[in-house]
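Analysis of the macromolecular model
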Amino acid sequence: MRRFGKQREYGRKYVLRPGAYAILIRGRDMLITHQSEPFNEFQLPGGGIDPGENSITALHREVLEETGWKIAAPKRLGAYRRFSYMPEYGMWAEKICHIFAARPVRNAGAPVEQDHQAIWTNAESAVRILCNQGDRHFVRRHVLSGL
């Protein structure tokens with residue numbers, strides 16, 4: 001599996017943390033999320049898959065929590081690995097990021113995830129501002145290559 005970002009630091013303990021993330025396109029617009037804490041960054045909506053939860057259920061839950069939008073027709077595009085520190089959990093994680101394309105179908109309200117804001121932009125802008133190299137790769141490969 002392809003890795004983006006920093007290499008694993010040998011001797012450091014990492015917790016395996018699978019997650020589901022969405023590329024959400026409506027017309028020429030793309031829905032991303034802005035998280036102001038603990039870091040100020042733009043991200044693909046999504047997050048960790050809880051124990052006993054499947055990736056599709058986690059995707060729906062995380063997108064709704066972070067953007068306030070309900071989604072339909074998720075299709076898995078691939079996955080990548082990255083190693084990072086998660087200050088909100090006080091741990092180093094080996095993140096396995098499962099990327100899906102889905103359709104945003106209905107705004108159900110404001111994001112309930114603290115410090116998150118739903119942002120509509122175009123894919124070209126998203127590639128410039130997304131904080132994560134792996135997310136940028138998937139947007140380039142699956143959105144911009146089709147324009």
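One structure accompanies this document, and this report is about it. (Residues numbered from 1 in each chain as written. Predicted model: local features only at pLDDT ≥ 70, side-chain atom pairs only at ≥ 80, totals over all residues. Heavy atoms only, no water.)

Within the secondary structure, Q43 sits in strand 3 (residues 41–43). Within polar-contact distance, the side chain of Q43 engages the side chain of Q35 at 2.9 Å. At 2.9 Å, the side chain of Q43 forms a polar contact with the side chain of E41. Contacts of Q43, omitting those with residues within four sequence positions, involve I32, T33, Q35, E66, H116, L130 and C131. (Helix = DSSP H or I, 4+ residues; strand = E, 2+ residues; numbered from the N terminus. Polar contact = N/O pair within 3.5 Å; in protein donor to acceptor, adjacent residues only side chain to side chain. Contact = heavy atoms within 4.5 Å.)

What follows deals with helix 3 (residues 133–142). Buried within helix 3 are the following residues: G134, D135, H137, F138 and V139. On its buried side, helix 3 packs onto strand 1 (15–26), strand 2 (29–35), strand 5 (69–86), strand 6 (91–107) and helix 2 (123–129). Where helix 3 begins, one side-chain oxygen reaches toward the backbone nitrogen of G134, 2.6 Å away; that side chain belongs to N132. (Buried < 20%, exposed > 50% of the residue type's maximum accessible area, 1.4 Å probe, protein only.)

Moving on: the pattern of salt bridges. For the structure shown, the criterion picks out seven salt bridges. Close ionic contact of E62 with R61 constitutes a salt bridge, the shortest N to O distance being 3.0 Å. Residue class for E62 comes out buried when judged on its relative accessible area of 8%. Between E94 and R81 there is a salt bridge, and its shortest N-O distance comes to 2.6 Å. Remark: R81 occurs in strand 5 and E94 occurs in strand 6; sequence separation between them is 13 residues. The class for E94 is buried, based on a relative accessible area of 12%. The exposure class of R81 is partly exposed, given its relative accessible area of 24%. The network of salt bridges with shared partners includes D50, E53, R61, E62 and E65. (Salt bridge = Lys/Arg side-chain N within 4 Å of Asp/Glu carboxyl O.)

So, on to the state of the cysteines. This structure, assessed with the given rule, holds zero disulfides. The closest cysteine sulfur to the non-disulfide-bonded C97 is located on C131, 10 Å from its own sulfur. (Disulfide = S-S within 2.5 Å.)

Moving on, we get to helix 1 (residues 55–67). With 13 residues, helix 1 should reach 18 Å at 1.5 Å per residue; the first-to-last C-alpha distance of 18 Å fits that figure. All of the buried residues along helix 1 are A58, L59, E62, V63, E66 and T67. For helix 1, the angular spread of buried residues about the axis comes to 125 degrees, placing them on one side. With a side-chain oxygen positioned 3.0 Å from the backbone nitrogen of I56, the residue opening helix 1 is N54. Positive backbone phi, approximately 85 degrees, marks G68, located one or two places after helix 1. (Expected span 1.5 Å × (residues − 1). Arc of directions from axis to C-beta.)

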